[in-house]
Amino acid sequence: MLNYLIKRILQGVISIVGASAIIFAISRLDDPTLLLLPIDATPEMVENLRQRLGLDLPIVQQYLIFLGNALQGDFGNSYRWEQPALALILDRLPATLELAFAGLVFALALAIPFGVLSAVYRDSWFDNFAKLFAMLGQAMPNFWVGLLLILFVSVNLGWLPAFGREGFDSLIMPAIALGWYPVAAMTRMLRSTMLDVLDSDHVRMARAIGVPNRVVVWKYALRNAAVPLVTMLGIYFANMLSGAFVVEVIFAWPGMGRMVVEAMFARDFPLLQVGVLFSAILFVVVNLLVDLSYGVLDPRIRHD
Amino acid sequence: MNADPQAKVGQPVLKVDDLRTHIFLKRGTVQAVDGVSFHVNAGETLGLVGESGSGKSMTSLSILRLIPKPGARTVSGRIEIDGINVLDLDEDTMVRDVRGKLVSMISQDPMTSLNPVFSIGDQVGAAFRFHDLVRGRSAIRDAVVNVLQRVRIPSPERRLDDFPHQYSGGMRQRVVAAMAIACSPKLMIADEPTSNLDVTIQVQIIRLLREIQKETGVGLIFITHDMGVAANICDRVAVMYAGRIVEIGDVETIFDNPSHPYTQGLLDSIPHLGRRRERLYSIPGNPPDMQNPPSGCRFAARCPHVMDRCRSEYPPEATVAPGHMAACWLVGKNE
Ligand SMILES: Nc1ncnc2c1ncn2[C@@H]1O[C@H](COP(=O)(O)OP(=O)(O)O)[C@@H](O)[C@H]1O
Ligand SMILES: [Mg+2]
């Protein structure tokens with residue numbers, strides 16, 4: 001178990017370092033100095049700035065310097081905000097985590113009842129309704145869901161705030177916009193797993209000794225469907241973390257994604273690098289958690 | 001035969017009368033069980049024997065009212081367990097008072113009959129918990145240990161929190177048996193409980209079922225496609241073919257004096273010791289399509305003694321001797 005954990009963490013570190021190298025290389029394809037200086041800057045001023053930022057050195061050396069500093073927790077100052085990049089990202093991280101988590105809860109809150117009841121009442125009107133609903137969800141990109149919500153719920157009805165991060169009310173619509181998409185895939189997957197499990201020998205055996213239907217469905221069968229569900233959950237949660245920026249932009253949500261996108265447009269490399277690094281770390285952590293949960297959810301899976 | 005004189009043999013615990021369970025598919029109706037009648041006495045083992053697809057499992061699921069939904073429906077008949085027609089009961093009553101308490105099941109494959117993600121103690125305990133027979137965690141634990149002892153699981157108190165994959169096939173089948181007997185049902189249905197086990201373990205399980213029956217006087221339906229296994233455990237045998245019972249009688253009668261050509265064919269296909277290397281006899285041909293069964297005898301197409309009449313009219317259930325019935329036109333003729 002411990003060996004497995006160490007192996008997985010090492011793999012994660014390698015992925016994270018790899019991601020940092022790639023984003024480092026890509027961001028060096030362009031020169032930020034022109035954006036950072038006035039249009040009428042002289043070539044000397046440009047050269048000065050390049051030296052100050054270390055951009056005149058060979059790229060491998062730049063990267064090693066970056067890594068060395070990063071290990072000491074120093075990711076440099078944001079060009080744009082002229083503050084430590086790490087602090088800026090850490091400041092925004094909770095908002096992004098909160099949004100992704102809320103999106104996940106929303107997705108599960110729909111997908112679990114939809115998936116389970118679609119399987120239990122297979123081919124009924126409910127099953128068809130859930131199918132249609134899920135299809136609609138999958139056909140609408142999250143910015144579109146977000147815009148529709150703003151239009152109807154905020155502008156027309158005035159029920160919820162259209163932007164910002166103030167209290168639970170402001171979280172509802174961004175979470176729905178973000179969580180909408182995975183509902184379809186999760187519902188379909190849960191439905192088909194549940195159909196298999198409900199048809200299995202052990203479910204029949206449980207019924208044969210008088211275990212009530214609700215317990216058979218919501219405890220016995222659903223627990224069996226948990227492993228594939230959690231796998232999918234992990235994938236979508238990681239996607240939500242990195243894909244939240246569209247929703248963050250639409251709802252003016254002060255998250256990490258939005259900051260990273262802005263950093264990209266501003267050629268704010270230090271900020272961009274920390275942002276990407278944190279996305280990679282979150283991705284690795286989520287996958288590790290998913291992996292570890294298998295052992296808890298299914299006693300047959302042992303990491304030894 | 002059950003030789004124990006004080007066994008509670010005698011009173012019927014199950015009476016099935018003209019049971020029909022059909023499966024309604026888009027492309028037609030499968031007449032999986034089509035007019036089946038038999039009874040099982042307390043303390044007795046009735047073997048339900050027949051080729052795969054003859055409707056044995058569908059018959060047992062009909063008795064438990066657990067036929068696959070949607071699709072299958074018991075369209076007519078009577079199923080009396082301990083004097084109650086279960087076809088009249090609603091689902092709540094079936095759950096609360098019938099399944100587990102009056103009738104239970106030991107299913108086919110021990111490897112798939114236990115839920116892989118719940119502990120043995122949890123699954124066996126469910127039988128007590130949901131019938132409110134035992135209350136409180138530790139009381140249920142004691143009851144589970146006790147019932148696992150009855151199925152001869154060694155030191156069960158140490159293995160309660162284990163999961164099914166930590167048990168061997170034979171031990172799992174014992175756990176399944178424990179679940180089935182937990183609430184002391186009057187009737188138990190064992191649907192091919194040994195088909196997927198090694199021969200030595202088969203013998204152990206069969207011995208165990210016999211011992212349980214002796215202790216409790218439970219009526220047992222033992223489903224198998226293997227006449228040899230049926231000979232070992234059953235008091236009476238019902239031979240099923242294409243959704244109907246074609247012959248029923250005491251085990252000695254069925255083996256010594258089989259009256260239906262299908263039964264004779266099944267007996268000829270039993271492997272004998274010392275004849276291992278020979279190619280096993282099997283009845284030529286295949287069972288009929290159960291969506292459009294022939295109007296006459298369903299075995300006619302494969303029967304070595306087929307007559308014109310067999311193809312047009314289904315033979316009535318003829319009494320060969322008291323307690324021995326065969327649905328064959330030959331039966332009347334020979335007398
Ligand atoms: N879920 C189902 N859908 C369609 N047909 C089925 C289903 N289950 C069983 N059948 C059909 O019902 C008949 C009886 O099946 P079954 O009772 O399982 O036979 P046995 O247990 O004797 O092997 C077979 O013809 C089988 O093909
Ligand atoms: Mg069967």
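Residues numbered from 1 in each chain as written. Chains lettered and ligands numbered in written order. Predicted model: local features only at pLDDT ≥ 70, side-chain atom pairs only at ≥ 80, totals over all residues. Heavy atoms only, no water.

As for the interface of chain B and chain A
Then comes step 1: Taken together, the contacts link 32 residues of chain B with 20 residues of chain A.
Then comes step 2: For the pair chain B and chain A, the summed buried area comes to about 2,300 Å², and 67% of that belongs to carbon and sulfur atoms.
Then comes step 3: The largest share of the area that chain B buries against chain A comes from Val117, Phe118 and Phe130 of chain B, three residues that together contribute 24% of it.
Then comes step 4: Counting every contact that joins chain B to chain A gives 1 salt bridge.
Then comes step 5: Salt-bridge contacts for Lys219 of chain A lead to Asp122 of chain B; the nearest nitrogen and oxygen are separated by 3.6 Å. (Contact = heavy atoms within 4.5 Å. Buried area = accessible area lost by both parts, 1.4 Å probe. Salt bridge = Lys/Arg side-chain N within 4 Å of Asp/Glu carboxyl O.)

Points about empty space enclosed by the protein
Residues and elements named next belong to chain B.
Then comes step 1: Inspection of every chain in the model, using the stated rule, returns 2 cavities of 30 Å³ or more.
Then comes step 2: What the largest cavity holds in volume is close to 60 Å³.
Then comes step 3: Along the walls of the largest cavity sit His260, Pro261, Cys297, Phe299, Ala300, Cys303, Val306, Cys310, Pro315, Ala327, Cys328 and Trp329, which together make up its complete lining.
Then comes step 4: Counted by class, the lining of the largest cavity contains 11 nonpolar, 1 polar and no charged residues. (1 Å grid on protein atoms, 1.4 Å probe; cavity = no way out; pocket = protein on both sides within 12 Å on 5 of 7 lines; lining within 4 Å. Points joined across faces, edges and corners; volume = space filled by probe spheres on them. Nonpolar A, V, L, I, M, F, W, Y, C, P; charged D, E, K, R; others polar.)

Here we look at a nonpolar patch on the surface
Then comes step 1: Together, Leu2, Ile6 and Leu10 of chain A line one region of the surface with nonpolar side chains, adding up to about 310 Å² of accessible area.
Then comes step 2: Structurally, Leu2 of chain A can be placed in helix 1 (residues 2-27). (Patch = residues over 30% accessible without salt bridge, like charges linked within 9 Å, V, L, I, M, F, W, Y side chains within 5 Å. Areas by Shrake-Rupley, 256 points an atom, 1.4 Å probe, with all protein chains shown as cover. Helix = DSSP H or I, 4+ residues; strand = E, 2+ residues; numbered from the N terminus.)

Remarks on the environment of Glu248 of chain A
Residue and element names in this part refer to chain A.
Then comes step 1: Within the secondary structure layout, Glu248 lies in helix 11 (residues 226-250).
Then comes step 2: Given a relative accessible area of 0%, Glu248 falls into the buried group.
Then comes step 3: On a C-alpha basis, the gap between Glu248 and Gly164 in space is 9.2 Å, while along the polypeptide they are 84 residues apart.
Then comes step 4: Once residues lying within four places of it in the same chain are set aside, the contact partners of Glu248 are Thr96, Leu99, Trp253, Gly255, Met256, Gly257 and Arg258. (Buried < 20%, exposed > 50% of the residue type's maximum accessible area, 1.4 Å probe, protein only.)

Examining the pattern of salt bridges
Note on pairing: side chains with opposite charge can pair once their charged atoms come close.
Residues and elements named next belong to chain B.
Then comes step 1: Tallied over the full model, the rule gives 28 salt bridges over all chains.
Then comes step 2: The residue Arg78 makes a salt bridge to Glu80 at a minimum N-O spacing of 2.8 Å.
Then comes step 3: Residues joined by salt bridges that share partners form a network here, namely Asp18, Arg20, Asp34, Arg244 and Arg298.

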